[in-house]
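# Remarks on the overall topology
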Amino acid sequence: QKEVEQNSGPLSVPEGAIASLNCTYSDRGSQSFFWYRQYSGKSPELIMFIYSNGDKEDGRFTAQLNKASQYVSLLIRDSQPSDSATYLCAVNRGGGFKTIFGAGTRLFVKA
Amino acid sequence: NAGVTQTPKFQVLKTGQSMTLQCAQDMNHNSMYWYRQDPGMGLRLIYYSASEGTTDKGEVPNGYNVSRLNKREFSLRLESAAPSQTSVYFCASRGVGRTDTQYFGPGTRLTVL
């Protein structure tokens, strides 16, 4: 079992729809959770982080965390073609130095 | 403020050759990281340095060595390159704090023939 698992996709949604990206993790000691966006040929850039159970909203993005189920998700509302990218889920263990990344989900938003 | 810089951007090596990938950050971060990214594999941690003077192995350290030269610089060395080391290499740095994010360099595309 991988430590951080994501559906590789591709996930295809029409413009204006909600895209839902999911991630599960195996280490119950994980404390911080991050979503990165990576455009083709570019480096990852942070979208959001979350460390408390529940929802956290930032503009069109909402991160959801359920520690009991070891599940974190990212919702993108009003999806735009410019949101087409690979989304990486990352989990930081207790201790803080190591961050483990999932393999990423490719998202396509169709105009 | 350049953030995280990496050199070179591209490199082609023959099997058995050695090279050093350079990374520098100007954000006064304590922690620095080296990852490799292969298709379908996501980012895998090679080595990291929690602070100046310390280095630790990550998930895939075999075939690599690192040096934390000072607080700004963290280099990755391939002593005898192998085709399995063909990948994109990213350096990252991170501040202190539970929610501090990692900032990534632009990456180095390495091909080993």
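These remarks concern the structure in this document.

The rules behind these values
- Residues numbered from 1 in each chain as written.
- Chains lettered and ligands numbered in written order.
- Predicted model: local features only at pLDDT ≥ 70, side-chain atom pairs only at ≥ 80, totals over all residues.
- Heavy atoms only, no water.
- Pairing = 2+ DSSP bridges.
- Helix = DSSP H or I, 4+ residues; strand = E, 2+ residues; numbered from the N terminus.
- Axes fitted to C-alpha atoms, helices over the stretch in contact; angles between N-to-C directions.
- Buried < 20%, exposed > 50% of the residue type's maximum accessible area, 1.4 Å probe, protein only.
- Contact = heavy atoms within 4.5 Å.
- Salt bridge = Lys/Arg side-chain N within 4 Å of Asp/Glu carboxyl O.
- Polar contact = N/O pair within 3.5 Å; in protein donor to acceptor, adjacent residues only side chain to side chain.
- Nonpolar A, V, L, I, M, F, W, Y, C, P; charged D, E, K, R; others polar.
- Phe/Tyr/Trp six-rings, centres within 6.5 Å; stacked < 30°, edge-to-face > 60°.
- Disulfide = S-S within 2.5 Å.
- Core = buried A, V, L, I, M, F, W, Y, C linked by side-chain atoms within 4.5 Å.

## Focus on the sheet that holds strand S6 (residues 54-58) of chain A
In sheet architecture, strand pairing relies on hydrogen bonds along the backbone and comes in two forms, parallel and antiparallel. Residues and elements named next belong to chain A. Spatial ordering of the open sheet is given by S1-S3-S8-S7-S6, a layout of 5 strands whose pairing is antiparallel. Edge strands, defined here as strands with exactly one partner in the open sheet, are strand S1 (4-6) and S6. The sheet shows a mean angle of 20 degrees between the axes of neighbouring strands, taken without regard to direction. Pairing of S1 with strand S3 (residues 19-25), which is carried by 3 bridges, proceeds in the antiparallel orientation. From the neighbouring strand, Gln6 faces S3, where its bridge partner is Cys23.

## Observations regarding the side chain of A:Asp83
Residue and element names in this part refer to chain A. Structurally, the position occupied by Asp83 is in the loop between strand S8 (71-76) and strand S9 (85-92). Taking relative accessible area as the criterion, Asp83 reaches 1% and is therefore assigned buried. Beyond its immediate sequence surroundings of up to four residues, Asp83 is in contact with Arg37, Arg60, Phe61, Ile76, Asp78, Leu107 and Val109.

## With respect to the interface of chain A and chain B
Contacts between the two partners involve 23 residues from chain A and, on the opposite side, 24 residues from chain B. The tally of links between chain A and chain B comes to 0 salt bridges. Counting the contacts that link chain A with chain B gives 5 residue pairs in polar contact (both at pLDDT 80 or more). Taken together, the elements giving at least two residues each to the side of chain A that touches chain B come down to strand S4 (32-38), strand S5 (45-50), S9 and strand S10 (99-101) of chain A. Split by residue class, the side of chain A that touches chain B holds 11 nonpolar, 9 polar and 3 charged.

## Quick notes on the packing of aromatic side chains
The geometry of an aromatic ring pair is captured by the separation of the ring centres together with the interplanar angle, meaning the angle of the planes. All chains considered together, the criterion is met by 13 aromatic pairs over all chains. Both rings, one in A:Tyr36 and one in A:Phe101, keep their centres 5.5 Å apart while their planes meet at 50 degrees; by these two values the pair is tilted. With A:Tyr36 in strand S4 and A:Phe101 in strand S10, this residue pair connects regions lying 65 residues apart in the sequence. Summarising the burial analysis for this pair, A:Tyr36 and A:Phe101 share the class buried. With a centroid separation of 6.2 Å and 20 degrees between ring planes, the pair formed by B:Tyr33 and B:Tyr48 is classed as stacked. With B:Tyr33 in strand S4 (residues 31-38) and B:Tyr48 in strand S5 (residues 42-49), this residue pair connects regions lying 15 residues apart in the sequence. Exposure remark for B:Tyr33: the relative accessible area of 0% places this residue in the buried category. Put simply, the rings of A:Phe34, A:Tyr36, A:Phe49, A:Tyr51, A:Phe101, B:Tyr33, B:Tyr35, B:Tyr48, B:Phe90 and B:Phe104 pair up and form one aromatic cluster.

## Quick word on the state of the cysteines
Here, the word disulfide means a covalent bond between the sulfur atoms of two cysteines. All names here are of chain A. Scanning the entire structure with this criterion turns up 2 disulfides over all chains. Between the sulfur atoms of Cys23 and its disulfide mate Cys89 the distance is 2.1 Å. Taking the torsion about the S-S bond as the criterion, the Cys23 to Cys89 disulfide, at about -70 degrees, is left-handed. Remark: Cys89 occurs in strand S9 and Cys23 occurs in strand S3; sequence separation between them is 66 residues. Taken individually, Cys23 and Cys89 each receive the classification buried, so the pair is uniform in this respect.

## A word on the nonpolar core
In this structure, A:Trp35, A:Val72, A:Leu74, A:Ile76 and A:Tyr87 are the most contacted members of the largest nonpolar core, which totals 24 residues. Only S3, S4, S5, strand S7 (61-66), S8, S9 and strand S11 (105-110) of chain A provide two or more residues apiece to this core. B:Leu21, B:Ile46, B:Tyr47 and B:Val112 belong to the second largest nonpolar core, which has 19 residues in total.

## Structural notes on the pattern of salt bridges
All names here are of chain B. Applying the stated criterion across every chain, the model contains 6 salt bridges over all chains. One salt bridge connects Glu79 with Arg77, and the closest N-O pair in it is separated by 3.2 Å. Judged by its relative accessible area of 43%, Glu79 is partly exposed. Its relative accessible area of 29% is what places Arg77 among the partly exposed residues. When salt bridges with common partners are traced through the structure, they connect Arg36, Asp38 and Arg44 into a single cluster.

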